Amino acid sequence: MSEQHYSVVTPVGQKPRDDVTLAARPETLDGKRVAEVWDYMFYGDSAFPLLRDELRQRYPDVEIVEYSHFGNIHGPDENEVVAALPDELRRRHIDAVVLGIGN
Amino acid sequence: MPAVLRASAAIERAGIPTVAVIGRVWQRQAEVNASYLNLPDLPMAVFQTDLMRDGAAWDEEELHGTLSDQIVSGLTGTVASSAAAGTEPAPREIVATGTFDEINQFFDERLWGDGYPVVPPTLARVDAMLEHTDRDPDEVLGILPAELRQLTVWSVAVSGVMAGCKPEHLPVLLAAAECLADPEYRIEDFGTAPSWEPLLIVSGPVIDHLGFNAGAAAMRPGRRANTAIGRALRLLCTNVAGFRTETGSDLAGFGNPINVALAEDEQTVREIGWATYGEERGLAAGESGVTLMGVIGTSPPTLQTYYGPDASIRTDLEPLVDVFGRGMCGWWTFTGAVFGRWHPLVVISPGFARKMAAEGFGKDDLRQHLYDECRTTAAKLERDGEFIGIDIAKNVKAGILPATYLESDDPQRSVPIFVRPDWIGVVVAGGDVVSLQRGLMNNHQQGAPVTRRIR
């Protein structure tokens, strides 16, 4: 007697179509406003000032907007903070963002 | 899913370029999640410094050198753009035909299982399960991170078939799936290193109707309703949410066994005049529902060890207070203090519940007793939570933590281990031979309990 055969479906959920692409990059950070966005973990308060100094060394005309303006992207109100970020960044005329730290 | 990646994707979608600063230990997970977010080329600057080992001691040479190079490279010029993934099979499309072993091998190779053999999800079996709901199979219950796939009535039924659920289990599983999709549950954080597993708590008449075990060995595989529904829920975390250790999307350090669904011994609860766990979670009396929470750790059973003349419920509880409260939770409490959320659960045996009730000691008394007796110092919280940026004073001032955490600025001041007594859940279940208790804990705000009525 032959063993029974089964025809099966996938258990993997459907992935909705999403045509997102990365944002266009500027050629240089000189004259641009760069924001810091932090998850308030893994000693970003030590790292960001050093990164800030380095970017200013490399691009004397870069303007840095520090992380304290944007809230904690991994805190109790993470969803609200992240949802509000795009508008807040636009309101501040931000051209690029450095996010950290860690995961 | 890493918080930095989530924010990065949201900002890129708004048309602003980003670069994510990621530790090398999280790099693989971050790359997988970027792919799930449909942004496989999301720029990252990866640092080698081991912050868990070295604390705040950043390698300044790396920071000023290669890390800054990567940041600049990620924010300027032209970025790569990989081709989109190919098409995937439709829900009712047959993806394989074979024997039981061949189907299981096919599923294993695609990481679609959990290590146990699965029941082949044939159209006939899935359709049989769907006969137990009048909901549209295509109804989307949510889009589950990390892989951002649709959780549908259909995908829940497929998972139920694979796990060995009976068709009549589907309404319970659908309610559980709704919990999984609730933002409060935070399935996006499922792949964190401490690793948590879903625990489903079943309430109401459905316990008897479907034959859930609420008695001896209530938390062990054995009864089909408890075991198969718990397993199906875990399979959804793999196949719809997309968390897999093999791909790097799940960084679970140790992981935990799959939890079977936990049913409350509501008969005992009613006999002693308490509210059921379901009623405490907002279900009406006589209404069936489920509560989903995450569990990262479980205490051993604790029991009465003192029988002297001063013995009371409070002395009976001392092992639970000591082992679960001050020991297990006393270590993990810094996470609750950072996020201001934490929802431990205590399971007590029916014999102990009756003993409590006889002494006029209710569920709220148990919660308050644990809250009052389990204390630590602010200094210990600050030390344990330093690496994730704990700041008790700031959290109190922001209303994230109760004022009791900041009654003085003395580092040695006593502070609660449990954030709020009413956030401690209490379920009566298990065998009736001895008076036992057991504690389970979630990971701060991750896996917070979410309740749904069974339709």
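As the structure is a computational prediction, the values presented were derived from the model and not from experiment. (Residues numbered from 1 in each chain as written. Chains lettered and ligands numbered in written order. Predicted model: local features only at pLDDT ≥ 70, side-chain atom pairs only at ≥ 80, totals over all residues. Heavy atoms only, no water.)

Details of the confidence of the model for chain A
For chain A, the mean per-residue pLDDT works out to 92, and 98% of the residues sit at or above 70. The spread of mean pLDDT over the elements of chain A runs between strand E4 (residues 96–102) of chain A, the lowest at 91, and strand E1 (residues 6–9) of chain A, the highest at 98. (pLDDT = per-residue confidence, 0-100. Helix = DSSP H or I, 4+ residues; strand = E, 2+ residues; numbered from the N terminus.)

Focus: the packing of aromatic side chains
Given two aromatic rings, their pairing is described by the distance between the two centres and the angle made by the two planes. Going through the model one piece at a time under the given rule, you end up with 19 aromatic pairs over all chains. On the basis of an interplanar angle of 65 degrees and a centroid distance of 4.8 Å, the ring pair of Trp38(A) and Tyr67(A) is categorised as edge-to-face. Pair noted here: Trp38(A) is in strand E2 (residues 33–38) and Tyr67(A) is in the loop between strand E3 (63–65) and helix H2 (78–91), with a separation of 29 residues, a long-range link. Note on Trp38(A): relative accessible area 6%, which makes it buried. Residue Tyr67(A) is classed as buried on the basis of its relative accessible area, which comes to 16%. An aromatic cluster is defined as three or more aromatic residues linked by ring pairs; in this entry it consists of Phe42(A), Trp26(B), Trp331(B), Trp332(B), Phe334(B) and Phe387(B). Stacked on the ring of Phe70(A), the Lys or Arg Arg92(A) has its end atom at 5.6 Å from the ring centre. Over the ring of Trp423(B) we find Arg341(B), and its NZ or CZ is 5.4 Å from the ring centre. (Phe/Tyr/Trp six-rings, centres within 6.5 Å; stacked < 30°, edge-to-face > 60°. Buried < 20%, exposed > 50% of the residue type's maximum accessible area, 1.4 Å probe, protein only. Lys NZ or Arg CZ within 6 Å of the ring centre and 35° of its normal.)

Focus: the nonpolar core
Counting residues in each nonpolar core, the largest one holds 169 residues, and the members touching the most others are Ile101(A), Leu200(B), Phe212(B) and Ile348(B). At ten residues, the largest contribution of residues to this core is made by helix H14 (residues 318–339) of chain B. The contact partners of Leu200(B), leaving out residues within four places of it in the chain, are Val172(B), Ala176(B), Ile229(B), Leu233(B), Val260(B), Ala261(B), Leu262(B), Val290(B), Thr291(B) and Leu292(B). Core analysis: the second largest hydrophobic core is formed by twelve residues, Ile201(B), Ala218(B), Leu345(B) and Val347(B) among them. (Core = buried A, V, L, I, M, F, W, Y, C linked by side-chain atoms within 4.5 Å. Contact = heavy atoms within 4.5 Å.)

Thoughts on the pattern of salt bridges
All names here are of chain B. Taken as a whole and judged by the stated rule, the model has 41 salt bridges over all chains. A salt bridge links Arg231 to Asp114; the nearest nitrogen and oxygen atoms lie 2.7 Å apart. In this pair, Arg231 sits in helix H10 (residues 224–239) while Asp114 sits in the loop between helix H5 (100–109) and helix H6 (123–130), placing the two residues 117 residues apart along the sequence. Here Arg231 falls in the buried class, since its relative accessible area comes to 11%. Overall, the relative accessible area of 23% leaves Asp114 in the partly exposed class. Among the ionic pairs, Asp316 bridges to Lys355, the shortest N-O distance being 2.8 Å. Highlighted residues: Asp316 in helix H13 (residues 313–316) and Lys355 in helix H15 (residues 350–358), separated in sequence by 39 residues. (Salt bridge = Lys/Arg side-chain N within 4 Å of Asp/Glu carboxyl O.)

Re the pairing of E4(A)
E4(A) sits mainly inside the fold: seven of its seven residues count as buried. Both E2(A) and E4(A) contribute to a ladder of five bridges, which runs parallel. In the strand pairing of E4(A), Glu36(A) is matched with Val98(A). Here E4(A) pairs with strand E1 (residues 18–23) of chain B via four bridges, running parallel. (Pairing = 2+ DSSP bridges.)

As for the interface of chain B and chain A
Contact residues are listed per partner, giving 94 residues for chain B and 60 residues for chain A. At the boundary of chain B with chain A, total buried surface from both sides reaches about 6,700 Å², with 65% on carbon and sulfur atoms. For the interface between chain B and chain A, the tally reads five salt bridges. Between Glu78(A) and Arg6(B) there is a salt bridge; the shortest N-O distance is 2.4 Å. Pairing analysis gives four bridges linking E1(A) to strand E3 (residues 94–98) of chain B, with the strands arranged antiparallel. Bridge pairing in E3(B) links Val8(A) to Ala96(B). (Buried area = accessible area lost by both parts, 1.4 Å probe.)

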